[in-house]
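# A look at the structure
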Amino acid sequence: MSDLLEITKAFLEELQSRLVSGGSDHSLPPSSFKLWFGDFSLVKLDESCAVFTTPNDLRKNILIGKYGDLIKSTLCDILGFSVEVSIYTEGEFSDFSKGDKDTSSSSSLSSEEGEKFYDYSERDISESISDTSGNASLLDGYTFDNFVEGSSNKFAKAACMAVADEPNTYNPLFIYGHSGLGKTHLLYAVINHMKKKHPELKIVYKRCSSFLEELIAAIRAGTTNEFKEFYRTADVLLIDDVQFLAGKEQTQEEFFITFSYLYESEKQIILTSDRPPKEINPLNERIMTRFEGGLLADVQPPSLELRIAIIKKKSEDMGLSLSDEIVEYMAERLHSNVRQIEGVLKKLYALYSLSGADITKKKINEVISIIDPGNVPIDTIIERVLHVVSEKYDVKIDELKSKKRGEKIAGARHVAIYLIKKITDLTLKEIGNIFSRDHATVISSIEKVESNIKTKNNYEEDIQSLLDLVKK
Ligand code: ADP
Ligand code: MG
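Heads up: these notes are all about the structure in this document. (Residues numbered from 1 in each chain as written. Chains lettered and ligands numbered in written order. Predicted model: local features only at pLDDT ≥ 70, side-chain atom pairs only at ≥ 80, totals over all residues. Heavy atoms only, no water.)

## Quick word on the site of ligand 1
Contacts to ligand 1 come from 19 residues, most closely from Gly180, Thr184, His185, Lys314 and Glu342. One of the side-chain N or O atoms of histidine 185 is found 2.6 Å from an oxygen atom in ligand 1. Contacts to ligand 1 include lysine 314, whose side-chain N or O atom sits 2.7 Å from a nitrogen atom. When contributions to the shell around ligand 1 are tallied by element, the ones reaching two or more residues are helix H8 (183-197), helix H13 (304-318) and helix H15 (338-352). (Near = heavy atom within 4 Å. Polar contact = N/O pair within 3.5 Å; in protein donor to acceptor, adjacent residues only side chain to side chain. Helix = DSSP H or I, 4+ residues; strand = E, 2+ residues; numbered from the N terminus.)

Here you go:
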């Protein structure tokens, strides 16, 4: 058991004895204690600060509002020294990914914010960076230097570097790719670089959603002129996540006017989107043409090699020691998204850096299942499929995998094969191997199930409910 778990346990016992057995100002029936403190756990501790998590905002607010002082004094008594205590929701704590978290929405029980020891989880920058007075410290972490390069992002990085060095080299520069692949990081890196190299430039960074909100507010308040003026005086405009323009006709129009004005004045514009311009739909034809008229650069999901490099770099930077085997294991499990990789590393850091315990595959799996419940190892998925199919059709797992051909067994086997194909990205051959069969058999099983779905009553519902069971 890790130290943190042990301390949590001791803390809860002590707290419960103080609350339930009832000093006069706090007395609580055991069931209520469970309600508020059931999932309350200590996730980080050092000599000056402690962080607890609880499942949601409601509980967080109640805990802070009603029990804040008691939590703090009980913990300090247990520890024998005084610490500042912060409470976060599990989401706030583990979901470092959203990018919209100013830590002030987390809740420190003391006036001194938890931020200083919490900065490893910080990933946001100020909403808008206008000129060099913007909040630079929040941006510092995102540079070209710490953007790990691989074939999937090399081109986008090079394009950003070129533009940061020499604005208006490519205009506009349009970076696109799925979420969590480093687009915002690249924009921040551009800003950081430009601030050093071209301190005289007025740089304006906005998330597209904020741009739209501001615009609407300006229209309501009758201040569109000021709004336009602000943007028109930019030397460099970076708009993040422009896919949010889709379908917003009136705001597209306004965006187009600002965009064209800057473009024609040869001001650098950089845009990001989770998809290429053509797929932002519906989007005004003229805007599309402009987007496509500059340089388009995509970021693709990282290769295994790049994932390994990223995990190595980030864990080293954090001072988290991972064996090569563990690094590779993580890289295999976390394949689609760098944000997710980061989330897992930060959680590992939060949970294990102080205890100094070895980080094992088991711990990795636990953390992944908290951060990304849908990300289950392939072996486990296969086991679950075999298990639910075996229960549903009353066929033994061995029989599913056997050569037996009876109608009942074969029917169940078809379903198992179909489900595995549907849920995993295993090849036909790999699926065949599970059942000691060739890929042609796998195809015919899948076809069989598809035809049953069309013809048999309730069959599709059955398949769906099996799918749901496997995913649980
Ligand atoms: P996007 O804007 O594409 O959704 P972000 O730029 O927010 O993604 O990236 C998510 C997280 O992953 C950030 O913390 C970022 O620093 C990190 N990241 C993404 N790609 C890389 C990379 N190639 N090297 C280092 N960190 C990366
Ligand atoms: Mg982003």
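## Examining the layout of surface pockets
One number sums up the size of the second largest pocket: a volume of about 590 Å³. Here the element with the most residues in the lining of the second largest pocket is helix H16 (residues 361-371); it accounts for five residues. Among the residues making up the lining of the second largest pocket, the classes are represented as 10 nonpolar, seven polar and six charged. (1 Å grid on protein atoms, 1.4 Å probe; cavity = no way out; pocket = protein on both sides within 12 Å on 5 of 7 lines; lining within 4 Å. Points joined across faces, edges and corners; volume = space filled by probe spheres on them. Nonpolar A, V, L, I, M, F, W, Y, C, P; charged D, E, K, R; others polar.)

## A word on unusual backbone geometry
The linkage connecting asparagine 171 with the following residue, proline 172, adopts the cis geometry, with an omega of -15 degrees. Among the structural elements, proline 172 can be located in the loop between helix H7 (154-165) and strand E6 (173-176). Residue asparagine 281 is joined to proline 282 through a cis peptide bond whose omega torsion reads -5 degrees. In this structure, proline 282 sits in the loop between strand E9 (268-273) and helix H12 (285-293). The phi angle at asparagine 458 is positive, at roughly 65 degrees, despite the residue not being glycine. Structurally, asparagine 458 can be placed in the loop between helix H21 (439-455) and helix H22 (459-471). Take asparagine 458: its relative accessible area is 52%, and that puts it in the exposed class. (Buried < 20%, exposed > 50% of the residue type's maximum accessible area, 1.4 Å probe, protein only.)

## Details of the packing of aromatic side chains
In the structure shown here, the tally under the stated rule is 19 aromatic pairs. A ring pair is formed by tyrosine 142 and tyrosine 188, whose centres lie 5.1 Å apart and whose planes are at 75 degrees; its orientation type is edge-to-face. Taken together, the positions of tyrosine 142 in the loop between helix H6 (136-139) and H7 and tyrosine 188 in helix H8 put the pair 46 residues apart, joining distant regions of the chain. For the pair tyrosine 142 and tyrosine 188, a shared accessibility class is recorded, and that class is buried. An aromatic cluster is present here, built from Phe174, Tyr176, Phe211, Phe227, Phe230, Tyr231, Phe255, Phe259, Tyr263 and Phe291 joined pairwise through their rings. (Phe/Tyr/Trp six-rings, centres within 6.5 Å; stacked < 30°, edge-to-face > 60°.)

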